[in-house]
Each structure stands twice: as structure tokens, then as C-alpha cells.
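Examining the three-dimensional arrangement
Chain residues, written in single-letter form:
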Amino acid sequence: MGDCACDVRVDQLDPSTTPSHFFLELTPDCNNACPGCGNGYAHQKNQPRQPAAQWRTVIDRILPIASRLRLTGGEPTLHPEFEEIVAYLEARGVPFTVFTNARWADLDAVIRALADKQYLEGILVSVHGARACSHESFTATPGSFDQALANARWAVQAGLPVCTST
């Protein structure tokens, strides 16, 4: 975090030119293999993962100017401390959205982590086509379409706000 933009002192920022929406790329890990992935580290193996304690520091530093956060990755739910990071955002009262492929390794854990969160604005599920063939030609992961849609349906049934990015 030594060269991180978060090393800038918040009191030195000009509010009229400072962003208020931040994307926190929790991990480059992903269970899809999309060639067009926007995560800069997605194709680099063995990148270090920032622990929840470091994410808390980042959140605390940007909190004075952040009006909302986007949790992304890779696949943000693959961060080993995803639930802890979400709980911290909720405790700090930070509105957040989860950008996900909805291919959750532990569906119940993800729903539990996000259920009843007052500051969760939504779950944005990436859907790369109307049918499995188009979606999976982009994800390069057989079965990803059906799994994403099934998990998104479970999340909706659990009362979570879900939208798709198509």
C-alpha cells in the first residue's frame, strides 16, 4: 500500500475534483476465465491478497469522501475475508454494491454475508449473453451461465436486490 493513491491525505483533496465512488478490487481471483476481464491483475498468478485489516484501513481513509463503494475483483466473494469486509462496511454505514459473476462457491455463506444489510445497494451480476453459448464463449467456463442464473435466483428469493449487467 506504499504507492497506493490512498496515501494521499484526505484533507488535501479538492472535493470538487475528487471522485466519490470507489471500486475496491478485493482480489484478482476468479472462477471464470474472461479474456476481457477489467482487473489489472487477473492474469497474473500468485498475486498477494490484501487482508481485511488492510481493506479496513483503505475504507477508513476514503470514508470522508466516499459516497459509495463497489466491491469487485476478480470475483469479490472469493476473497477469504469477504464476510468480514462486508460487515465492516455495514458497521461504518457505507453504501456498497457487489459486482459479481454469481458463481459462488458457498451460496449460503454469500447470502448470509449480504442478508439484512442496510447499506447494500445491490448485487450486480455479470451476464455475457442471453444463452449459455454466448455467455460461456466469453467466460471460457462451461456451466457458468446456469450456475450464475441459479445463484442470482436464490439471492432474489432470499430478498437481496439483484440486477444484471449484460
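Here's the deal with the overall build of the protein
A count of helical and extended segments in the protein gives five helices and five strands. Listed by position from the N terminus, the elements making up the protein come as β-α-β-α-β-α-β-α-α-β. Counting the 166 residues in the protein, one finds 40% classified as buried. When the accessible surface of the protein is summed, it comes to about 8,900 Å², and 52% of that surface belongs to carbon and sulfur atoms.

Here's the deal with the confidence of the model for the protein
Of the residues in the protein, 84% reach a pLDDT of 70 or more, and the chain-wide mean stands at 87. Predicted confidence for residues 1–6 stays below pLDDT 50, and this span has nine contacts to residues more than four positions away or in other chains.

Re the pattern of salt bridges
For the coordinates displayed, the defined rule picks out three salt bridges. Glu121 is the salt-bridge partner of Arg68, the closest N and O atoms lying 2.8 Å from each other. Here Glu121 lies in strand β4 (residues 120–126) and Arg68 lies in strand β2 (residues 68–73), a separation of 53 residues in the sequence. Look at Glu121 and you get partly exposed, because its relative accessible area is 38%.

Thoughts on helix α5 (residues 144–157)
In this model, α5 (14 residues) spans 20 Å end to end at C-alpha, consistent with the 20 Å of a helix rising 1.5 Å per residue. Where the residues of α5 are buried, they touch α3 (107–114), β4, α4 (132–139) and β5 (162–165).

Overview of the environment of Gln118
Summarising the element assignment, Gln118 is placed in the loop between α3 and β4. Separated by 22 residues in sequence, Gln118 and Phe96 place their C-alpha atoms 9.8 Å apart.

Concerning the pairing of strand β3 (residues 96–100)
A regular strand places its side chains so that they alternate between the two faces of the sheet. Counting buried residues along β3, four of its five residues qualify, which places the element largely inside the surrounding structure. Alignment of β2 against β3, held across three bridges, turns out to be parallel. When the bridges of β3 are listed, Leu71 appears paired with Val98. Tracing the backbone out of β2, into helix α2 (residues 82–92) and back to the parallel element β3 gives a crossover that is right-handed. Note on the crossover from β3 through α3 to β4: the handedness is right-handed.

Regarding the packing of helix α1 (residues 52–62) against α2
Closest axis-to-axis distance for the α1/α2 pair is 10 Å, and the angle between their directions is 30°. Between α1 and α2, the angle is such that the two are roughly parallel. At the point where α1 passes α2, the crossing takes the right-handed sense. Between α1 and α2, the contacting residues are Ala52, Trp55, Arg56, Ile59 and Asp60 on the first element and Glu84, Ile85, Tyr88, Leu89 and Arg92 on the second. Tallied by class, residues from the contact of α1 with α2 come to six nonpolar, no polar and four charged.

Conventions adopted
Residues numbered from 1 in each chain as written. Predicted model: local features only at pLDDT ≥ 70, side-chain atom pairs only at ≥ 80, totals over all residues. Heavy atoms only, no water. Helix = DSSP H or I, 4+ residues; strand = E, 2+ residues; numbered from the N terminus. Buried < 20%, exposed > 50% of the residue type's maximum accessible area, 1.4 Å probe, protein only. Areas by Shrake-Rupley, 256 points an atom, 1.4 Å probe, with all protein chains shown as cover. pLDDT = per-residue confidence, 0-100. Contact = heavy atoms within 4.5 Å. Salt bridge = Lys/Arg side-chain N within 4 Å of Asp/Glu carboxyl O. Expected span 1.5 Å × (residues − 1). Pairing = 2+ DSSP bridges. Right-handed = clockwise from strand over helix to strand, strands pointing away. Axes fitted to C-alpha atoms, helices over the stretch in contact; angles between N-to-C directions. Parallel < 35°, antiparallel > 145°, perpendicular 65-115°, else oblique. Left-handed = near helix turned anticlockwise from the far one by under 90°. Nonpolar A, V, L, I, M, F, W, Y, C, P; charged D, E, K, R; others polar.

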